[in-house]
Amino acid sequence: MFRHVIAPVRSYTKAANEVVRHRGLNSDAKLLLLYVQGLPESEADKPLGEHADELGLRPREYQRAKKALTAGGFLYEWKVQRRDGRWSTHQVLSNVTLTREEASAVRNGAPVRKAGNPEEPGGAKPTAGSARPRAAGSHPPVEEDCGKTSSHPPTEEPVAEELAAEGTATEGPVAAPEVETAERLLLSLRHQSRDLLLGVREARGLAEMAAEWLRRGVSVGELRHALTSHLPGDGVRSAVGFLRHRLTEKLPQRPPEAGDSPVAGGIVICEGPGREHTFRQVGDETRCRSCRREQARTREEPGGGAVAWRDHFDKVARGVIT
């Protein structure tokens, strides 16, 4: 994505990234907050509902925006009874999150200092040296990268460098190639779904279980599909628990080794009647299955005579022949 931005020189309102990127505020709440923030002091005494009417917000939309601002710590209200007995509502709307005590201080006119903000100048001794004008042409550092973003997910090499920089306390034997491949795969699952975001240590704890899949002949693509397909509709509560359950319950069967499978015989020539044909020998038989059945049907008595049909059916009934 290419971004084209021209900074306005007049008639603009500064919007904090905390407000713009706040996930708990909908678009109406953000617009209402920025609208009130850019108003002059002469119009700041109006109730928040009147500003919402000027923006064209419907009553239900205003109530949802007001609820989101209150839940995020941007809006506070107090019910106050006046001297004439009537009740009025005092509202404090801030572009930064405040606690109830901080909002009360703003309402009473006291300054509020947030953590991390520089303190106001006091009675401290001034810094040595004379004041200098600000250098022209300088710009504050840009928080975001304005370049072109890649459509391909980044590699996990920076994560490996981060682990190497943590220290030698966790160093151990060199992991097997399957374990390293499985760990990189687990760390890259966040590109498939945000619910499958894993930390480095979490992925390392599941790497051995995922590597067992690779040892059993499962490819990397098949393992990724098994872990990311058919996710719950209401989201994944714990990525570690969900992946550990799938790696355990869906573990494929170990492929049979060469010594575990029965050794099948080779292709031999059948000794039965008819045209010469072959079959795969299972044991020490010399005839194929069809010839053995035919031999059982035409079996003769020891005396050499043909088997009568009554005697044949008697033997079938007794289970002598089939």
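Given the structure is predicted, the values throughout are model-derived calculations rather than measurements.

Basis of the calculations
Residues numbered from 1 in each chain as written. Predicted model: local features only at pLDDT ≥ 70, side-chain atom pairs only at ≥ 80, totals over all residues. Heavy atoms only, no water. Helix = DSSP H or I, 4+ residues; strand = E, 2+ residues; numbered from the N terminus. Buried < 20%, exposed > 50% of the residue type's maximum accessible area, 1.4 Å probe, protein only. Contact = heavy atoms within 4.5 Å. Areas by Shrake-Rupley, 256 points an atom, 1.4 Å probe, with all protein chains shown as cover. Core = buried A, V, L, I, M, F, W, Y, C linked by side-chain atoms within 4.5 Å. Lys, Arg positive; Asp, Glu negative; His and termini not counted. Salt bridge = Lys/Arg side-chain N within 4 Å of Asp/Glu carboxyl O. Polar contact = N/O pair within 3.5 Å; in protein donor to acceptor, adjacent residues only side chain to side chain. Axes fitted to C-alpha atoms, helices over the stretch in contact; angles between N-to-C directions. Parallel < 35°, antiparallel > 145°, perpendicular 65-115°, else oblique. Pairing = 2+ DSSP bridges. Nonpolar A, V, L, I, M, F, W, Y, C, P; charged D, E, K, R; others polar. pLDDT = per-residue confidence, 0-100.

*Asks:* What's the story with the overall build of the chain in this structure? I'm lost.
*Replies:* What the chain contains, in helices and strands, is 12 helices and 4 strands. Among the 322 residues that make up the chain, the fraction classed as buried is 24%. Sequence-distant contacts, at least 24 apart, represent 46% of the contacts inside the chain between residues at least 6 apart. In the form shown here, the chain has an accessible surface area of approximately 24,700 Å², with 52% of it arising from carbon and sulfur atoms.

*Asks:* Would you mind going over the nonpolar core with me for this structure?
*Replies:* Soluble, globular proteins show a tendency: their nonpolar side chains are buried together. By size, the foremost hydrophobic cluster in this structure holds 25 residues, and its most contacted members are Leu186, Leu198, Leu223 and Leu243. At the level of elements, helix H7 (177–187), helix H8 (200–215), helix H9 (220–228) and helix H10 (239–249) are the ones that each hand at least two residues to this core. The dominant element in this core, judged by the number of residues it contributes, is H8, at 7 residues. Residue contacts for Leu243: discarding those within four places in its chain leaves Leu186, Leu189, Leu196, Leu198, Leu206 and Leu227. Core analysis: the second largest hydrophobic core is formed by 15 residues, Ala29, Leu32, Leu33 and Ala68 among them.

*Asks:* What is the right way to look at the side chain of Glu285 in this model?
*Replies:* By secondary structure assignment, the location of Glu285 is in the loop between strand E4 (278–280) and helix H11 (289–297). For the buried Glu285, no salt bridge exists, and the shortest N-O distance to an oppositely charged side chain is 4.7 Å, to Arg292. For Glu285, the side chain forms a polar contact with the main-chain nitrogen of Val282, separated by 2.7 Å. Once residues within four sequence positions are removed from consideration, Glu285 is found in contact with Phe279, Arg280 and Arg292.

*Asks:* Is there a simple way to explain unusual backbone geometry in this structure?
*Replies:* With the exception of glycine, most residues fall at negative phi, and the peptide bonds are largely trans. Look at His230: it is not a glycine, yet its phi comes out positive at around 55°. Within the element layout of this structure, His230 appears in the loop between H9 and H10.

*Asks:* Whenever I open this one, the environment of Glu202 confuses me. Can you help?
*Replies:* Structurally, Glu202 can be placed in helix H8. A sequence separation of 38 residues divides Glu202 from Val240, and the C-alpha atoms of the two residues are 6.8 Å apart. In this structure, Glu202 is in contact with Leu197 and Val240, ignoring residues within four places of it in sequence. Polar side-chain contacts of Glu202 include one of 2.9 Å to the backbone nitrogen of Gly199.

*Asks:* Would you mind showing me how to read H9 here?
*Replies:* Quick reminder: α-helices carry 3.6 residues per turn. Residues three or four places apart thus point the same way. What H9 keeps buried is the set Leu223, Ala226, Leu227 and Thr228. Each element contacted by the buried residues of H9 is listed here: H7, H8 and H10.

*Asks:* Help me out: how do you make sense of the side chain of Glu212 in this one?
*Replies:* Here Glu212 shows up in helix H8. The contact partners of Glu212, leaving out residues within four places of it in the chain, are Leu251 and Arg254.

*Asks:* I would appreciate a short explanation of the pattern of salt bridges in the present structure.
*Replies:* If charged atoms from side chains of opposite charge come close, those side chains can pair. Per the counting criterion, the structure on display carries 8 salt bridges. We note a salt bridge from Glu54 to Lys46, for which the minimum N-O separation is 3.1 Å. Take Glu54: its relative accessible area is 39%, and that puts it in the partly exposed class. Salt-bridge contacts for Glu183 lead to Arg204; the nearest nitrogen and oxygen are separated by 3.9 Å. Remark: Arg204 occurs in helix H8 and Glu183 occurs in helix H7; sequence separation between them is 21 residues. Since its relative accessible area comes to 41%, Arg204 is described here as partly exposed. What emerges from the salt-bridge pattern is a single network uniting Glu208, Glu212, Arg215, Arg216 and Arg254.

*Asks:* Would you mind showing me how to read the packing of helix H2 (residues 27–37) against helix H4 (residues 59–71) here?
*Replies:* Between two packed helices, both the angle of their axes relative to each other and the distance between the axes serve to describe the pair. Orientation of H2 relative to H4, taken along the N-to-C sense of each, is 80°, at an axis distance of 8 Å. Between H2 and H4, the angle falls in the class roughly perpendicular. Taking contact as the criterion, the partners of Asp28, Ala29, Leu32 and Leu33 in H2 are, on H4, Glu61, Tyr62, Ala65, Ala68 and Leu69.

*Asks:* Explanation requested: the pairing of strand E1 (residues 75–81) in the structure shown.
*Replies:* Along any regular strand the residues' side chains alternate between the sheet's two faces. Taken together, the 7 bridges between E1 and strand E2 (residues 87–93) define a ladder with antiparallel strand orientation. Its bridge partner being in E2, Val80 is matched across the sheet by Ser88. With antiparallel pairing between neighbouring strands as the criterion, E1 and E2 make up a hairpin whose turn holds 5 residues, including Gly85 at a positive phi of roughly 95°.

*Asks:* Just to check I follow, could you spell out the packing of H2 against helix H3 (residues 48–55) for this structure?
*Replies:* Between H2 and H3, the least distance of the axes is 10 Å, while the angle of their chain directions is 105°. By the angle class used here, H2 and H3 are roughly perpendicular. Contacts from Leu31, Leu32, Tyr35 and Val36 in H2 reach Leu48, His51, Ala52, Glu54 and Leu55 in H3. Residue composition of the contact of H2 with H3, by class: 7 nonpolar, 1 polar and 1 charged.

*Asks:* Is there a simple way to explain the confidence of the model for the chain in this structure?
*Replies:* Parts of the model with low pLDDT should not have their predicted coordinates read in detail. Of the residues in the chain, 70% reach a pLDDT of 70 or more, and the chain-wide mean stands at 77. Low pLDDT, under 50, characterises residues 118–123; the stretch is placed with 3 contacts to residues that sit more than four places away or in other chains. Per-residue pLDDT stays below 50 along residues 301–305; that stretch engages in 3 contacts with residues further than four places along the chain or on separate chains.

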